[in-house]
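Okay, here's what each chain looks like letter by letter:
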Amino acid sequence: MARTGQPATRQVAAVQRAVAILGELAGARTELGTNEIARRTGINVSTISRILATLVSGGLVEHVTATGRYRLGLGVVRLASAVHERLDIRLLARPHLAELASVTRETATLSVPGEHEATTLDFVQSPLSVRSVAEVGRTSAAHATAVGKVFLGHGGTPPTGTLAASGLAASGLTASGLTAYTERTIVDPAVLEIEVARARDRGWAEAIGEREEDLNAIAAPVLSPAGALVAILGVQGPAARFNPRAMRSAADLLLERTALISATL
């Protein structure tokens, strides 16, 4: 099935029921028995018992032996912690995004790495009327954006096709798998490997008309104390104004801001 960029609309009934049960356990803030959950959700008791057994095996629900009732498990805490980390980085980065946008007069973005791509989590728009427009939830083409190159430079592996000889190709990048968005898009894995290594060595990446002809961008990593990629800050703007000279000038401030955020982690 082709990817549309939009979530699927068809839902799985069993998952819907599991979500309803978790919701009731969360809302009750206490232990609940199967009969009580059935009354609250309208789901029959035998179905609830099977779903609870599955949730218990996954650590999302805990069976309290002394009472025979159920409560939320530690697995929910683990999932909540993952969300909390993203909220924390957004709060930490927000003033730095504002500073970047104010000084450079261009749009500043915050992206977070996922399994196979980086996704925009927050942004501050350029104060100018002619500006690059960011969008929360948009993913970055790994080979054609500054954010994507930072992602690749710190262990990111995009989804793939067949393997080839170069280092990046071994992570799934092949000539046939690299989409040419513009005439400047890098579609040779060997060339991309050199570009990513260069960006990693100097601390920031650039993309000059590679995903959109009239859009230029720079990006730099926010790293944990252990050196893991936590987030990516970027600055992007119209090519006529955010030219290579302006990009190099903005890179100093960008590196300063990513260093400050990294120091607080």
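Not measured: the values here are computed from a predicted model. (Residues numbered from 1 in each chain as written. Predicted model: local features only at pLDDT ≥ 70, side-chain atom pairs only at ≥ 80, totals over all residues. Heavy atoms only, no water.)

Asks: How should the sheet that holds strand S6 (residues 205-208) be read in this particular structure?
Replies: Strand pairs in the sheet, formed through backbone hydrogen bonds, run parallel or antiparallel to each other. Judged by pairing direction, the sheet is antiparallel, and its 6 strands sit side by side in the order S5-S4-S3-S8-S7-S6 without closing on themselves. The two strands at the open ends of the sheet, each matched to only one other strand, are strand S5 (139-140) and S6. Inspection of the sheet shows strand S3 (residues 107-113) paired to strand S8 (residues 229-238) by 5 bridges, in the antiparallel sense. Within the sheet, the bridge partner assigned to serine 111 lies in S8 and is isoleucine 232. The sheet strands contacting helix H7 (residues 244-264) are S6, strand S7 (215-223) and S8, and the helix crosses S7 at an angle near 20°. (Pairing = 2+ DSSP bridges. Helix = DSSP H or I, 4+ residues; strand = E, 2+ residues; numbered from the N terminus. Contact = heavy atoms within 4.5 Å. Axes fitted to C-alpha atoms, helices over the stretch in contact; angles between N-to-C directions.)

Asks: Help me understand the packing of aromatic side chains, please; the structure alone is not making it clear to me.
Replies: As enumerated under the stated definition, the model contains 0 aromatic pairs in all. When the ring centre of tryptophan 204 is taken as reference, the NZ or CZ atom of arginine 202 above it lies at 3.7 Å. In this structure, arginine 211 packs its charged tip against the face of tyrosine 181, placed 5.7 Å from the ring centre. (Phe/Tyr/Trp six-rings, centres within 6.5 Å; stacked < 30°, edge-to-face > 60°. Lys NZ or Arg CZ within 6 Å of the ring centre and 35° of its normal.)

Asks: Where do I start with a nonpolar patch on the surface in this structure?
Replies: A cluster of nonpolar side chains, contributed by Val12, Val15 and Val19, occupies part of the molecular surface with about 270 Å² of accessible area. Note on placement: valine 12 falls in the segment before helix H1 (13-28). (Patch = residues over 30% accessible without salt bridge, like charges linked within 9 Å, V, L, I, M, F, W, Y side chains within 5 Å. Areas by Shrake-Rupley, 256 points an atom, 1.4 Å probe, with all protein chains shown as cover. Salt bridge = Lys/Arg side-chain N within 4 Å of Asp/Glu carboxyl O.)

Asks: Can you help me understand the nonpolar core in this one?
Replies: Considering soluble globular proteins, one finds that nonpolar side chains tend to be buried as a cluster. Ranked by size, the top nonpolar core spans 25 residues in total, and within it Ile89, Leu100, Leu110, Ile218, Leu233 and Leu254 carry the most contacts. Among the secondary structure elements, those contributing two or more residues to this core are helix H4 (74-104), S3, strand S4 (118-124), S7, S8 and H7. Here this core gets 6 residues from one element, more than from any other, and that element is H7. Listed in part, the 18 residues of the second largest apolar core include Ala118, Ile186, Ala207 and Ala217. (Core = buried A, V, L, I, M, F, W, Y, C linked by side-chain atoms within 4.5 Å. Buried < 20%, exposed > 50% of the residue type's maximum accessible area, 1.4 Å probe, protein only.)

Asks: Would you mind going over H7 with me for this structure?
Replies: In an α-helix there are 3.6 residues to a turn, and that puts residues three or four apart on one side. Compared with an ideal rise of 1.5 Å per residue, which puts 21 residues at 30 Å, H7 spans 30 Å between its outermost C-alpha atoms and is within 8% of the ideal. Of all the bends in H7, the largest measures some 25° and sits at alanine 251. Buried within H7 we find Met247, Ala250, Ala251, Leu253, Leu254, Arg257, Thr258, Ile261 and Ser262. (Expected span 1.5 Å × (residues − 1). Bend = angle between axes of the 7 residues up to and from the residue.)

Asks: What is the right way to read the packing of helix H5 (residues 146-153) against helix H6 (residues 189-202) from this model?
Replies: The angle between the axes and the distance between the axes are what describe a pair of packed helices. Put simply, H5 and H6 touch, their axes get as near as 9 Å, and they point 85° apart. Accordingly, the angle class assigned to the pair H5 and H6 is roughly perpendicular. Here Lys149, Leu152 and Gly153 of H5 lie close against H6, whose contacting residues are Leu192, Glu195, Val196 and Arg200. In terms of residue class, the contact of H5 with H6 is made up of 3 nonpolar, 1 polar and 3 charged. (Parallel < 35°, antiparallel > 145°, perpendicular 65-115°, else oblique. Nonpolar A, V, L, I, M, F, W, Y, C, P; charged D, E, K, R; others polar.)

Asks: Help me understand the environment of leucine 60, please; the structure alone is not making it clear to me.
Replies: Of note, leucine 60 is situated in the loop between helix H3 (45-57) and strand S1 (61-64). Setting aside residues up to four positions removed in sequence, leucine 60 forms contacts with Leu22, Leu55, Leu72, Gly73, Gly75, Val76 and Leu79.

Asks: Even after reading the chapter, I still don't get the packing of helix H2 (residues 34-41) against H3, so can you show me in this structure?
Replies: Relative orientation of the contacting elements H2 and H3 amounts to 115°, with a least axis distance of 9 Å. Classified by the angle between their axes, H2 and H3 sit roughly perpendicular to one another. Relative to H3, H2 is oriented so that their crossing is right-handed. On H3, the residues touching Thr34, Asn35, Ile37, Ala38 and Thr41 of H2 are Val45, Ile48, Ser49 and Leu52. (Left-handed = near helix turned anticlockwise from the far one by under 90°.)

Asks: Just to check I follow, could you spell out the side chain of lysine 149 for this structure?
Replies: By the secondary structure assignment, lysine 149 is in helix H5. Leaving out residues up to four positions away in the same chain, lysine 149 has contacts with Ala142, His143, Ile186, Glu195, Val196, Ala205, Glu206, Ala207 and Glu210.

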